[in-house]
Protein chains: 2
Amino acid sequence: MAEGANGGTEHADIWMRPERPARGPRPAYSRAQITAAAVRIADAEGLEAASMRRIAAEIGTGAMSLYRYVPSRDDLVDLMVDHATAELDLPDRPSGDWRADLTLVAERSRALRLRHPWLCGVERPRGSFGPAQLRLLEFGLGALDLGLPIDDILVLFGLLMGYVDDAAQQELAWREEERRSGLDREAMMGRSGAYVRKLLADGEHPMFARVVKEARQPHMDAEERFRYGLERVLDCIQAGLPAVPDDQRSSRR
Amino acid sequence: MAEGANGGTEHADIWMRPERPARGPRPAYSRAQITAAAVRIADAEGLEAASMRRIAAEIGTGAMSLYRYVPSRDDLVDLMVDHATAELDLPDRPSGDWRADLTLVAERSRALRLRHPWLCGVERPRGSFGPAQLRLLEFGLGALDLGLPIDDILVLFGLLMGYVDDAAQQELAWREEERRSGLDREAMMGRSGAYVRKLLADGEHPMFARVVKEARQPHMDAEERFRYGLERVLDCIQAGLPAVPDDQRSSRR
DNA sequence: AATAACTGGGTACGTCGTACGCGATTACTG
DNA sequence: CAGTAATCGCGTACGACGTACCCAGTTATT
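For every chain, the first residue of the written sequence is number 1, and numbering continues from 1 along that sequence. Ligands are numbered from 1 and chains lettered from A, in the order in which they are written. Where totals are concerned, whole chains, interfaces and linings use all residues; where local detail is concerned, this predicted model gives features only for residues with pLDDT of at least 70, and gives and counts side-chain atom pairs only at 80 or more. Each side-chain value is worked out from all heavy atoms of the structure, with water and hydrogens disregarded.

## Considerations on the overall build of chain A
A run of DSSP states H or I qualifies as a helix once it reaches four residues; a run of E qualifies as a strand once it reaches two. Both are numbered from the N-terminal end. When its secondary structure is counted, chain A shows 10 helices and 0 strands. The secondary structure elements of chain A, listed N-terminal to C-terminal, are α-α-α-α-α-α-α-α-α-α. Any two residues whose heavy atoms approach within 4.5 Å at even a single point are treated as in contact. Put simply, of all contacts in chain A between residues at least 6 apart along the chain, 69% involve residues at least 24 apart. The Shrake-Rupley method, run with a 1.4 Å probe, gives the accessible areas here. Residue values count only the displayed protein chains as cover. Only carbon and sulfur atoms are counted for the fraction: they give 50% of the accessible area of chain A, which is about 13900 Å².

## Describing the interface of chain B and chain A
Contacts between chain B and chain A engage 58 residues on the former and 58 residues on the latter. Summed over both partners, the interface of chain B with chain A buries about 4700 Å², with 63% contributed by carbon and sulfur atoms. Among the residues chain B hides against chain A, the three largest losses belong to Glu138, Tyr195 and Met207 of chain B. Together they make up 14% of the total. Only one rule defines a salt bridge in this text: a Lys or Arg side-chain nitrogen within 4 Å of an Asp or Glu carboxyl oxygen. At the boundary of chain B and chain A, one finds 2 salt bridges. Residue Arg210 of chain A is joined to Asp145 of chain B by a salt bridge in which the shortest nitrogen-to-oxygen separation is 2.9 Å. Pairs of N or O atoms are called polar contacts if they sit within 3.5 Å, as long as, within protein, a hydrogen donor faces a hydrogen acceptor (for residues adjacent in sequence, only side-chain-to-side-chain pairs). Across the contact surface, chain B and chain A share 10 residue pairs in polar contact (both at pLDDT 80 or more). Of the residues belonging to the side of chain B that touches chain A, the class tally is 30 nonpolar, 11 polar and 17 charged. Accessible area that two parts lose when put together, with a 1.4 Å probe and added across both, is what the buried area reports. Under this grouping Gly is polar, as are all residues other than the nonpolar Ala, Val, Leu, Ile, Met, Phe, Trp, Tyr, Cys and Pro and the charged Asp, Glu, Lys and Arg.

## Concerning helix 4 (residues 98-115) of chain B
For a helix, the expected span equals 1.5 Å multiplied by the number of residues minus one. Across its 18 residues, helix 4 of chain B extends 26 Å between first and last C-alpha, which sits within 8% of the 26 Å expected from 1.5 Å per residue. When helix 4 of chain B is considered as a whole, its buried residues turn out to be Trp98, Arg99, Asp101, Leu102, Thr103, Val105, Ala106, Ser109, Arg110, Leu112, Arg113 and Leu114 of chain B. Three labels apply to residues, based on accessible area from a 1.4 Å probe with only protein chains included: buried if under 20% of the type maximum, exposed if over 50%, partly exposed otherwise in between.

## Focus on the protein's contact with DNA strand C
Only heavy atoms are used to decide nearness, and a residue is near a molecule or strand if one of them lies within 4 Å of it. What surrounds DNA strand C is a group of 25 residues, the closest being Arg53 and Arg73 of chain A together with Thr61, Arg68 and Tyr69 of chain B. Between Arg73 of chain A and DNA strand C, the recorded distance is 2.8 Å, taken from a side-chain N or O atom to a phosphate oxygen. Here a base oxygen of DNA strand C sits 2.7 Å away from a polar atom, N or O, in the side chain of Arg68 of chain B. Tallied by class, the residues present in the surface near DNA strand C amount to 12 nonpolar, 7 polar and 6 charged.

## Observations regarding the relation of the copies chain B and chain A
The two copies are related by a screw motion: chain B maps onto chain A through a turn of 180° and a shift of 0.0 Å along the axis, at an RMSD of 0.1 Å. Classification of the inter-copy transformation places it as that of a two-fold axis. Closest to the rotation axis within chain B is the C-alpha of Cys236 of chain B, separated from it by 2.2 Å. Comparing interface residues between copies, 100% of those in chain B also lie at the interface in chain A; the contact surface is shared. Here the copies are matched by least squares. The fit uses the C-alpha atoms of residues with pLDDT of at least 70 in both.

## A few points about the pattern of salt bridges
Pairing is possible between side chains of opposite charge, provided their charged atoms come close. Residues and elements named next belong to chain A. Applying the stated criterion across every chain yields a total of 32 salt bridges over all chains. For Arg40, the salt bridge identified is with Glu58, shortest N-O distance 2.7 Å. Of this pair, Arg40 sits in helix 1 (residues 31-45) while Glu58 sits in helix 2 (residues 52-59), and the two are 18 residues apart along the sequence. On the basis of relative accessible area, Arg40 is assigned to the partly exposed category, the value being 46%. Looking at Glu58, the relative accessible area reads 34%, which means it is partly exposed. One continuous salt-bridge network, built from bridges that share partners, spans Arg40, Glu45, Arg54 and Glu58.

By themselves, these figures tell us nothing about what the structure is for.
Shown next, in the form of structure tokens:
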């Protein structure tokens, strides 16, 4: 098929390509330095503000210089994700109490996404697992390694991280809307947009109406609301685990 | 703060803005026509190929003409999402058997994402709910309306759709890799990339190794694999529901 | 018949990622 | 120690992108 006859770069081996070459002058910058600058910009102004030119300007060089360190912007985003994920700071190994371990993962992951709002918006289908993401994976899957087949473990861990992602995304969206409108959450419920008001009025959307009128646990702050949903998710996950004698928990193996 | 002193377009009221104006010549095209063209392109060449110029060329006009029908490309993407979602074809109301209803939602949603691969990659934080998405929401939440507070219902439905999204995304990624490499899934396991081989060899990633070596239910095809995970998720959701007398199920209220 | 609203569409601006090429610098090879 | 080849930082240039703006032509209201 003459489809790129070269040996092939598999597809995304950023993590294999060595940072420093054997020959040539010493590089003036580093991948970590560039990645950190990119993260700094994305934190402050969003992911799309972290363009190659902008990042280069941040570290005081030309845009094309970055391509000496990173093959493409997409790969740089992969580096950014792993760079941020490295802040997670999880224990070396699961404690044996799966519920406590997953709670830890969930809460720190949420905090991470609130600290780096662009994390939720990264294109998903890139199967790029850097060292920090691998650590997270090892810890999370390891916590659930209680006799289930690996496929089931993956499903359960996916449910947890899916919840974390959704919850953080919602929280960020609300926060954004508060910032733009100047109103707090309580005040926004009444003053909703014309479209929402129409939907509430037409009587065709009872569940949506309940979401608008009843939801959001109005007496909880964001943290409490997250924990509440998290407990529900953990209960669900528990149902997928093999039964345990109920007293023999957190047994250090 | 002098922050846009106008009355404000709330933020995304595509669904309120009337298609036809009162005065002026009859428009030559329609929102539906433009949206359909965009979906056609995105299906064949990906979401980013559906640029304003490309879409305009598809229907035989200039790029700027589209802005007579749609305020921005982001809004057009919202229209595309709802246009695709409208294919879902769900019953008018939940049947009373929540498990059957959610199974229906999950399988059709998966099929929809396989038919429109770009759906999984749409930027999430847009809280834009068109009529088709509202139908889906009403049906899904309604199926779970069994006495729980609305917040719990939202969490459970979120878990389900999160699973569907993840599973579809994974399936699409594998399909893409098969297409590019020419190998089938079975053959790819051994011939994995250098990075994966390194991770397997270093012994530091036991769970990742299990994922690579044991997962994917090698004896199942994609459909079976999806259903298998789906049953796990539904079991989990069941645990979050109020207990039922075990025999009194699918009782038509 | 006059007017105001709207049409399709061309041109132009500022942004993006990045292919390519340059002269200078450095490490390996003889 | 000279020669060579790799790699450096970085400027220029190209082809996309979304869309602001302007225009002459068309139509429903006055």
